[in-house]
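Results of the structural survey
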Amino acid sequence: NLGSDNIGSMAGGDQGSGAKAALEASGVVSMEAASAGQRTASTAKAGERLLDALELCVQEENDYKTYLKLLEEREASLTLQEREDRESKKSQNIDVPPLIDPPTSNILLLGRSPLQHILHTLRGILASELEEALLVLPFEGVNDLIYFLTEMIKERMQIELVSRVLFFVLRLHHMQIVSNQALRENI
């Protein structure tokens, strides 16, 4: 219950420490819990959602790279006659069965590409919680995130959000990134 003195001081010109103290004393809000940069259960959950999305998308990317490698090997193992037959059928608009069935997309992606899924997850995190959610990522997750962020920039996907996240991660992990040759080449 806020007293009339506290309400008056909050409504008037003194909105600084008097309002903060009144709100904290009343139990309406804890300024420390509501401040930006404070780790809360929701920021931890947001970080976990982002890490889960990264793991899912990395697995999806790995499955697709494996498929492309197997397809390339299978194409290389075709005889000259088999290649000519396939080309002949294609030129006649006859359906040619795939050499290897493509991998099925993970249902958890909900029909989105890995890049779209990461972007959807980032957009689902409140702006006030985004930096804290990025702080809970392990460095391996940061490596994956940087890869996906650079791919999103190449595709011109939500440049403002992606750049903000990328710059924060680069500032936060600057020394580790500089010492990681493979990661430097991706940026």
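The preceding data block contains the structure.
Attention in this report is confined to the structure presented alongside it. Starting afresh in each chain, residues are numbered from 1 along the sequence in its written order. The predicted origin of the model limits local features to residues at a pLDDT of at least 70 and limits the giving and counting of side-chain atom pairs to 80 or more, whereas totals for whole chains, interfaces and linings rest on all residues. The side-chain values count all of the structure's non-hydrogen atoms but skip hydrogen atoms and water molecules.

Considerations on unusual backbone geometry
In this structure, L110 is a non-glycine residue whose phi angle is positive, near 55°. Elements are defined by DSSP. Helices are runs of H or I of four residues or more, strands are runs of E of two residues or more, and each kind is numbered from the N terminus. Structurally, L110 is set in the loop between α5 (80–91) and α6 (114–123). The phi angle at R156 is positive, at roughly 60°, despite the residue not being glycine. Along the chain, R156 falls in the loop between α8 (139–154) and α9 (159–172). Partly exposed describes any residue whose relative accessible area lies between the buried limit of under 20% and the exposed limit of over 50%, with all areas from a 1.4 Å probe on protein chains only and scaled to the type maximum. Look at R156 and you get exposed, because its relative accessible area is 71%.

Focus on the environment of D144
Within the element layout of this structure, D144 appears in helix α8. On the accessibility criterion, D144 (23% relative accessible area) is partly exposed. Along the chain, D144 and C57 lie 87 residues apart, while their C-alpha atoms are 9.1 Å from each other. When near neighbours in sequence (up to four residues on either side) are disregarded, D144 contacts L54 and V58. For this analysis, residues touch if any pair of their heavy atoms sits within 4.5 Å.

Brief notes about the side chain of E129
Relative to the helices and strands, E129 is located in helix α7 (residues 127–135). For the charge count, each Lys or Arg is scored as positive and each Asp or Glu as negative, with His and the chain ends excluded. Salt bridge, as applied in this entry: a Lys or Arg side-chain nitrogen positioned within 4 Å of an Asp or Glu carboxyl oxygen. It is R49 that comes nearest to the buried, bridge-free E129 among opposite-charge side chains, at 5.7 Å. Contacts of E129, omitting those with residues within four sequence positions, involve S42 and T43.

A look at the packing of aromatic side chains
Each Phe, Tyr or Trp ring, with Trp reduced to its six-membered ring, pairs with another whose centre is within 6.5 Å; inter-plane angles below 30 degrees give stacked pairs, above 60 give edge-to-face pairs, and intermediate values give tilted ones. Summed over all chains, the structure comprises 2 aromatic pairs. Seen from their ring centres, Y64 and Y67 are 5.9 Å apart, and the 40° between their planes marks the pair as tilted. Placement of both Y64 and Y67 in helix α4 (residues 41–76) is noted, with a separation of 3 residues, approximately one turn of the helix. A residue is classified by how much of its surface remains accessible, and Y64, at 45% relative accessible area, is partly exposed.

What to know about the nonpolar core
If you look at the biggest cluster of nonpolar residues, it comprises 30 residues, and the most contacted ones within it are I118, L122, L134, L145, L149, M152 and V165. Those elements that place two or more of their residues in this core are α4, α6, α7, α8 and α9. Discounting chain neighbours no more than four positions away, the residues touching L149 are L122, V162, V165 and L166. Put simply, buried Ala, Val, Leu, Ile, Met, Phe, Trp, Tyr and Cys residues joined by side-chain atoms within 4.5 Å make one nonpolar core.

Section: the packing of α7 against α9
The angle between two axes is taken between their N-to-C directions and runs from 0 to 180 degrees, where each axis is a line fitted to C-alpha atoms and a helix contributes only its stretch in contact. The N-to-C vectors of α7 and α9 enclose an angle of 40°; their axes lie 11 Å apart at closest approach. One way to sum up the angle between α7 and α9 is to call them oblique. When you trace α7 past α9, the crossing you get is right-handed. Across the interface between the two elements, L130, E131, L134 and L135 from α7 touch L161, R164, V165, F168, V169 and L172 from α9. Our angle categories are set so that under 35 degrees counts as roughly parallel, over 145 as roughly antiparallel, 65 to 115 as roughly perpendicular, and the remainder as oblique. By convention, the crossing between two helices is left-handed when the near helix turns anticlockwise from the far helix through less than a right angle, and right-handed when the turn is clockwise.

A word on α8
Each residue after the first adds 1.5 Å to the expected span of a helix. A rise of 1.5 Å per residue sets the reference length of α8, with its 16 residues, at 22 Å; its end C-alpha atoms lie 23 Å apart and thus fit the reference within 8%. Of all the positions in α8, only G141, V142, L145, I146, F148, L149, T150 and M152 are classed as buried.

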